[in-house]
Amino acid sequence: MIKLHDSYFELFLSEEEIQEAVGSLAEKIAADYKDEVPIFVGVLNGSFMFVSDFLKAYPHDCEVSFVKLSSYQGLTSTGIVETLLDVSEDIDGRSVVILEDIIDTGRTLQELVHLFTNTNVKEFRIASLFYKSEIYNGEYNIDYVGLEIPNRFIVGYGLDYNELGRNLTAVYQLKQTDMMNLVIFGKPGAGKGTQAGILKEKYNLVHISTGDLFRYNMKNKTALGQLAQSYIDAGDLVPDQVTIDMLQEEVERNPEAAGFIFDGFPRTTAQAEALDQFLESKGMMVNGCVALEADDEVLTLRLLERGKESGRSDDQDESKIRNRFAEYNEKTAPLKDYYTNQGKFHSISGIGAIEEITERLSAIIDQLPK
């Protein structure tokens, strides 16, 4: 067991197991390129140890170069991949093999492929030492894989946790905790807030509502609140990263929590990926995602009635209500696919007495794996 920053990690792969995987990759690639001199392109920063050991194991002539891409700020993805260092060698007519330390969601890989698609290389292939197949949603084949691993946060052998751990010769995975983390979503008026309030008491969870987070931070004029207000005042959308930072602060304010209910976040696939990355870094995961389903006509009547009591203007105009439904459908369709692909998506009817809906939710929650 080792400690990096505020988190504990346990041994996952020994140095011997890693070197065996590196040697196996070098052997497979050497068989395909024994009659030419390929260019191996390492992806910094994480691949530096892998590339070094790979080249020692590669038995034929070859050349090496590096690229550096970034799609993360801290532990979460910004959703934008930047090219910080490009390939400088003349690669026209050459065979290129990309050497990645780890492939998970595939976002960075997509940018790599685009880099070489615009060149006149003879061919390029992709090799990754570690591969998280269960969350890879890319459209490109991975030609060579060293080790297929589960979706757990790992450090060592070039991989880091906030820049610590890169120099470890073995690989460690974050120590898991038995927590229950739920994502609950549904159309406006579906009863998310009501059910989240009940579930947090029943399962001793912390309810995190993005609406509450924004109100708290802006009312108290925190740094994040003022940043969010500046975007709102300018008529711009608040970037995902601001919301993610607020959410992270709230999670970290509750270190003894038995788990969390995320209400109103994530709203997009990029946000879901960011949430997974953050929770993974804390030894946690989303255990399940539950959608409260209800007919638009029923929800419209429910919101109009709510508007009479609350005075909320967006609950008093039917056209605005239906626009909110349309926006929900557009944004959450891919989100449903995201959690379905992970085997975590569940759907229940949001129509009926509050107690009946709670029973439906509880029946699902009680069977979720921890």
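Since the structure is predicted, the reported quantities are computational estimates derived from the model, not experimental observations.

A word on the packing of aromatic side chains
Counted according to the given criterion, the structure contains 12 aromatic pairs. Pairing F40 with Y58 gives two aromatic rings, centres 4.9 Å apart and planes at 75°, and the pair type is edge-to-face. One end of the pair, F40, is in strand β3 (residues 39–44); the other, Y58, is in the loop between α2 (48–57) and β4 (63–73), with 18 residues separating them in the sequence. The class of Y58 is buried, set by a relative accessible area of 5%. Measuring from centroid to centroid gives 5.7 Å for Y131 and Y136, while their planes differ by 70°, and the two rings are edge-to-face. The same class applies to Y131 and to Y136, which are both buried. Three or more aromatic residues joined by ring pairs form one cluster here, namely F40, F50, F54 and Y58. One cation-aromatic arrangement involves K187 over F325; the distance from NZ or CZ to the ring centre is 5.7 Å.

Section: a negative patch on the surface
A surface patch of negative charge is lined by E15, E16, E17 and E20. Examined against the element boundaries, E15 turns out to sit in helix α1 (residues 15–32). Accessibility expressed as a relative area gives 37% for E15, which makes it partly exposed.

Some remarks on the pattern of salt bridges
Side chains that differ in sign of charge can pair as their charged atoms come close. Using the criterion set out here, one finds 17 salt bridges in the structure. Linking D160 and R166 is a salt bridge whose minimum nitrogen-to-oxygen distance equals 3.2 Å. With a relative accessible area of 14%, R166 lands in the buried category. Three or more residues joined by partner-sharing salt bridges are found here, namely D32, E123 and R125.

About the cut-offs
- Residue indices begin from 1 for each chain and proceed along its sequence in written order.
- Given that the model is predicted, a residue must reach a pLDDT of at least 70 before its local features are reported, and side-chain atom pairs must reach 80 or more before they are shown or counted; all residues, however, enter totals for whole chains, interfaces and linings.
- Working from all heavy atoms in the structure, the side-chain values ignore hydrogens and water.
- Any two of the Phe, Tyr and Trp rings considered here, Trp counted by its six-membered ring, make a pair once their centres fall within 6.5 Å; the pair's planes then place it as stacked at under 30 degrees, edge-to-face at over 60, or tilted in between.
- Every helix listed is a DSSP run of H or I at least four residues long, and every strand listed is a run of E at least two residues long, numbered separately from the N terminus.
- The cut-offs for exposure are 20% and 50% of the maximum accessible area for each residue type, with area from a 1.4 Å probe on protein chains only; residues under the lower value are buried, those over the upper are exposed, and the others partly exposed.
- By definition, being over a ring means that NZ of Lys or CZ of Arg is both within 6 Å of the ring centre and within 35 degrees of the ring normal.
- Think of a patch as exposed residues, more than 30% relative accessible area, with no salt bridge, where like charges cluster within 9 Å and nonpolar side chains (Val, Leu, Ile, Met, Phe, Trp, Tyr) cluster within 5 Å.
- Note on areas: Shrake-Rupley with a 1.4 Å probe; residue coverage comes only from the protein chains shown.
- Put simply, a salt bridge is a Lys or Arg side-chain nitrogen that is within 4 Å of an Asp or Glu carboxyl oxygen.
- Positive charges are assigned to Lys and Arg, negative charges to Asp and Glu, while His and the chain termini are left out of the count.
- Lysine's charge is taken at NZ, arginine's at CZ, aspartate's at CG and glutamate's at CD.

That is the geometry; function is a separate question.
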